[in-house]
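Architecture at a glance
Take a look at the letters that make up each chain.
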Amino acid sequence: MGSMIKECTEQMIERWLTQINSGNREIDVEKEIIATAGEIIATTSFGMKDEKAREICDKLRELQMILFKTTRYVGVPFGKWFNTKKTLEARKLGKEIDKLLLNVITNRKNNNNSNNKENKGSQEDLLGLLLEANRKVDGKFGKTLSTRELVDECKTFFFAGHETTALAISWTLFLLAVHEDWQIQLRDEIRELAGDNKEIDINVLSGLKKMKWVMNEAVRLYPPAPNVQRQAKEDIKVDNNFTVPNGTNIWIDVVGMNHDPTLWGDDVNEFRPERFIDDVNGGCNHKMGYLPFGFGGRMCVGRNLSFMEYKIVLTLLLSRFRFKLSPSYQHSPAIMLSLRPTHGLPLIVETL
Ligand code: HEM
């Protein structure tokens, strides 16, 4: 899996080098990294390549923008009739995405049935595991997920699995462009572990401690998943005066918590990765105060994969390039389901 992530990143680096050599050093890193992360999840999880993967990613992004515009009506009675045009557009896109994914699943099933040796490697990806689990339960064969459910699982992974990590990397590059001292510290850490060798050995990545603090701090300041949702399944008594009624939809404001000085202290808005040196919660004074990956039984299942991807992509980029903020950058983080830079993230990228 690591080598696939490396391969997709190296293709992006080649594109950047071509652009820089042609005299244009300004790159919208958010756009580039989201596209690359889409390719990574498509290859590592579904064994898909190029055009098909890009088509699904583009349609998911279109759907995301429509859903973001209508999200305020979720849970409102008859809410979907408030903006019929958008609701219909969302439904049409949803169907198109389902059809594309269904094609991928059917092709894989057919390949598995015909025992096609060429596809053996890609059968060990997420889709392969889902299909296998669908056949076997506790070692016995049995059906667990309907095709509809399989498509939905794939859709969740596709969406949850690429944009969040891409945004963690993008916001990190923004922070490193502003805090050049940390850019230098990370480059030194990579060099200490890997030497001057540009062929990074994926196995050394677990030693990148400072990079982990930087990731924690980046997703604290700019959480890619800006809120977490829950629904009360019974009346919940919070204290003597306050009860959350059964059925209440709750949005937990992760951005708000991560910028709350009563939880973090007066330096809450500063970029200080060192707050994570000795404490996985970064010194937050409430044990449920730092939740970039959610909590409990529904906590993010992809967090280990995202750490791996983050470290590989950042290591490759920092070993080749220096990043500075472009004069055309406008700081305007906005919640569009995920937390994104409204006007993209143009950085000046120089080769080392
Ligand atoms: C920096 C990267 C990521 C962040 C910040 C992030 C954040 C989150 C958050 C906040 C949740 C909701 C948890 C809750 O409700 O308690 C979640 C759920 C989920 N994430 Fe991630 N995620 C990231 C990367 C990934 C990746 C790489 C994958 C897949 C390859 C992934 C797959 C999922 C899935 C499938 C769920 C739903 C889990 C469930 O409902 O049981 N995520 N993620």
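For the protein, an unreviewed UniProt entry supplies the name Cytochrome P450 and the organism Stylosanthes scabra. As its UniProt record puts it under Subcellular location (unreviewed entry), the protein is described as follows: "Membrane".

Moving on, we come to helix α1 (residues 2-21). The end-to-end C-alpha distance of α1, which contains 20 residues, comes to 28 Å, matching closely the 28 Å that a straight helix rising 1.5 Å per residue would cover. Every buried residue belonging to α1 is among I5, C8, T9 and M12, and all of these are buried. Seen along its axis, α1 keeps its buried residues to an arc of 95 degrees; they face one direction. Along α1, exposed side chains directed more than 90 degrees from the buried face belong to S3, E7, Q11, E14, T18 and N21.

Below, the discussion takes up the packing of helix α7 (residues 180-194) against helix α8 (residues 209-221). Helices that pack against each other are described as a pair by the angle of their axes relative to one another and the distance between those axes. Contact geometry for α7 and α8: axes closest at 8 Å, N-to-C directions at 145 degrees. Of the residues in α8, those touching α7 at W182, Q185, L186 and E189 are K210, M211 and V214. Counted by class, the contact of α7 with α8 contains 4 nonpolar, 1 polar and 2 charged residues.

Here we take up the nonpolar core. One recurring pattern in soluble globular proteins: nonpolar side chains tend to sit buried together. By size, the foremost hydrophobic cluster in this structure holds 64 residues, and its most contacted members are A168, I169, L173, A218 and L347. In this structure, L173 is in contact with V29, F323 and L347, ignoring residues within four places of it in sequence. With 8 residues, the next largest nonpolar core counts A225, V228, W264 and Y290 among its residues.

Let's shift gears to the site of the ligand. With respect to spatial proximity, 22 residues lie near the ligand, and among them G161, T164, G294, C300 and G302 are the closest. Secondary structure elements with two or more residues in the shell around the ligand: α6 (147-178) and α11 (303-320). Ranked by residue count, the leading element in the shell around the ligand is α6, at 7 residues. Per-class residue counts for the shell around the ligand are 14 nonpolar, 7 polar and 1 charged.

Once that is clear, we can look at the environment of H259. Along the chain, H259 turns up in the loop between α9 (254-258) and α10 (261-264). The sequence separation of H259 and Y222 amounts to 37 residues, and the corresponding C-alpha distance is 9.7 Å. If sequence neighbours within four positions are ignored, H259 has contacts with V268 and N269.

What counts, and where the lines are drawn
Residues numbered from 1 in each chain as written. Predicted model: local features only at pLDDT ≥ 70, side-chain atom pairs only at ≥ 80, totals over all residues. UniProt positions renumbered as here; feature names shortened; annotations may be inferred. Helix = DSSP H or I, 4+ residues; strand = E, 2+ residues; numbered from the N terminus. Expected span 1.5 Å × (residues − 1). Buried ≥ 20, exposed ≤ 12 C-beta atoms within 10 Å, placed from the backbone. Arc of directions from axis to C-beta. Axes fitted to C-alpha atoms, helices over the stretch in contact; angles between N-to-C directions. Contact = placed C-beta atoms within 7 Å. Nonpolar A, V, L, I, M, F, W, Y, C, P; charged D, E, K, R; others polar. Core = buried A, V, L, I, M, F, W, Y, C linked by C-beta atoms within 7 Å. Near = placed C-beta within 6 Å.

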